[in-house]
Amino acid sequence: MSYATRLAAATADRGRLCVGIDPMPAVLDAWGLPHDVSGLERCARGIVEALGERIAVFKPQSAFFEAFGSRGVAVLESVLADIRAAGALSLLDVKRGDIGSSMAGYAAAFLGDDAPLRADAITVSPYLGVGALTPAIEAAVAGGQGLYVLARTSNPEGAPVQLATSGHSTVAQHVVDTCAELNDTSDYALGLVVGGTHASLGCDLGAFNGSILVPGIGAQGGTVEGLADVFGPALRLVLPTASREVIGAGAAELGARAGRLLDALAALD
């Protein structure tokens, strides 16, 4: 079964919210946990334990696990297993991008049944060329997994690169159009990362035919209520993701905060 099909089923059942698992120091503090591997594990696995049967997609941010070395990566493996056991989808935020055998190596780490850090989808960077992602695209299609390609990210520093002109369009538009073309022959395995923090996106999503991961909800200033204005007809493709907005006030607030976002998203449909 393709990633697109599994995502549609999960969000139809549980709503269109992706919860980021970002056990950064400030979050560990809010949870009253130490800044060590034990705190990392209690926080990250605790999020899945509390919300695993309610949320369609979880997005662990690999950086916060890698910061603790091999023991942190071992925790990440456990978190990915927890997400699978809860019947949710995992979207691992790793933003990998390289060429040739290096890209194939990243694909082997995250994509395919035998990948040690197997996720249902991963984030990738196209800035060595969208074509350089071919090994990951092929692996994702073969494994029924997905890729979310950075197009118009939520951070302001991205604008000078992503809104630069390439030919007759912006770089972001080139990424959008190329991914749309590839989706026609790639089982709709390619999604986009497009931030929900912009008044104007600088790219047209009207012809895109895959999932759109939308970071920036909450702590970065994006709102669920503003999604319709930002994305227009593409709203039906949007998978909003929130991290600190859900997990940033401690374990006791998880359910209530996730519930408010789910209700707000349901009101858009």
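Going by the structure above, here's the rest.
An account of the accompanying structure is given in this report. Since we're looking at a predicted model, the values are computed, not measured. (Residues numbered from 1 in each chain as written. Predicted model: local features only at pLDDT ≥ 70, side-chain atom pairs only at ≥ 80, totals over all residues. Heavy atoms only, no water.)

**A look at the overall build of the protein**
Across its full length, the protein holds twelve helices and ten strands. Each principal axis of the C-alpha atoms in the protein carries an extent, and together these give about 50 × 40 × 35 Å. Counting the 269 residues in the protein, one finds 54% classified as buried. The long-range fraction of contacts in the protein, counting pairs at least 24 apart against all pairs at least 6 apart in sequence, stands at 71%. Only carbon and sulfur atoms are counted for the fraction: they give 52% of the accessible area of the protein, which is about 11,000 Å². Of the side-chain charges in the protein, 17 are positive and 28 negative, and the distance between the mean point of each set is 4 Å. (Helix = DSSP H or I, 4+ residues; strand = E, 2+ residues; numbered from the N terminus. Buried < 20%, exposed > 50% of the residue type's maximum accessible area, 1.4 Å probe, protein only. Contact = heavy atoms within 4.5 Å. Areas by Shrake-Rupley, 256 points an atom, 1.4 Å probe, with all protein chains shown as cover. Lys, Arg positive; Asp, Glu negative; His and termini not counted. Charge placed at Lys NZ, Arg CZ, Asp CG, Glu CD.)

**Structural notes on the sheet that holds strand β8 (residues 190–194)**
With parallel pairing, eight strands are arranged side by side around a closed barrel as β1-β2-β3-β4-β5-β8-β9-β10. For this sheet the average axis-to-axis angle between neighbouring strands, irrespective of direction, equals 30 degrees. Sitting on the sheet, helix α3 (residues 37–51) touches β1 (18–21) and β2 (57–60), and the angle it makes with β1 is about 155 degrees. Docked against the sheet, helix α6 (residues 100–110) engages β3 (89–96) and β4 (121–124), running at close to 155 degrees with respect to β3. (Pairing = 2+ DSSP bridges. Axes fitted to C-alpha atoms, helices over the stretch in contact; angles between N-to-C directions.)

**Some details on the environment of L147**
Looking at where L147 falls in the secondary structure, it is placed in strand β5 (residues 146–152). Judged by relative accessible area, which is 1%, L147 ranks as buried. L147 sits 141 residues away from R6 along the chain, and the two C-alpha atoms are 14 Å apart. Excluding residues that lie within four positions of it along the chain, L147 makes contacts with L111, I122, V124, A136, I137, A140, A189, L190 and G191.

**Concerning the packing of aromatic side chains**
Scanning the model with the defined rule gives one aromatic pair in all. Seen from their ring centres, Y3 and Y148 are 6.0 Å apart, and the 90 degrees between their planes marks the pair as edge-to-face. Linking Y3 in helix α1 (residues 3–14) with Y148 in strand β5, this pair joins segments that are 145 residues apart in sequence. You can call Y148 buried: its relative accessible area is 1%. (Phe/Tyr/Trp six-rings, centres within 6.5 Å; stacked < 30°, edge-to-face > 60°.)

**Overview of the pairing of β1**
Residues of β1 alternate between two faces, with C18 and G20 on one and V19 and I21 on the opposite face, all of them buried. Bridge analysis of β1 against β2 gives four bridges, and the strand direction is parallel. Counted as the bridge partner of I21 is P60 from β2. Two elements, β1 and strand β10 (residues 238–242), share two bridges in a ladder whose sense is parallel. Residue pairing in the sheet places C18 in a bridge with T241 of β10.

**Some words on the pattern of salt bridges**
Under the criterion given, the structure shown has nine salt bridges. Notably, a salt bridge pairs D82 with R45, separated by 2.7 Å at the nearest N-O pair. With D82 in helix α5 (residues 69–85) and R45 in helix α3, this pair connects stretches of sequence that are 37 residues apart. A residue is classified by how much of its surface remains accessible, and R45, at 30% relative accessible area, is partly exposed. Residues D93 and K59 are paired through a salt bridge, measuring 3.0 Å at the closest nitrogen-oxygen approach. One end of the pair, D93, is in strand β3; the other, K59, is in strand β2, and 34 residues separate them in sequence. Residue D93 shares its accessibility class with K59, and that shared class is buried. Because the salt bridges share partners, they merge into one network encompassing E41, R45 and D82. (Salt bridge = Lys/Arg side-chain N within 4 Å of Asp/Glu carboxyl O.)

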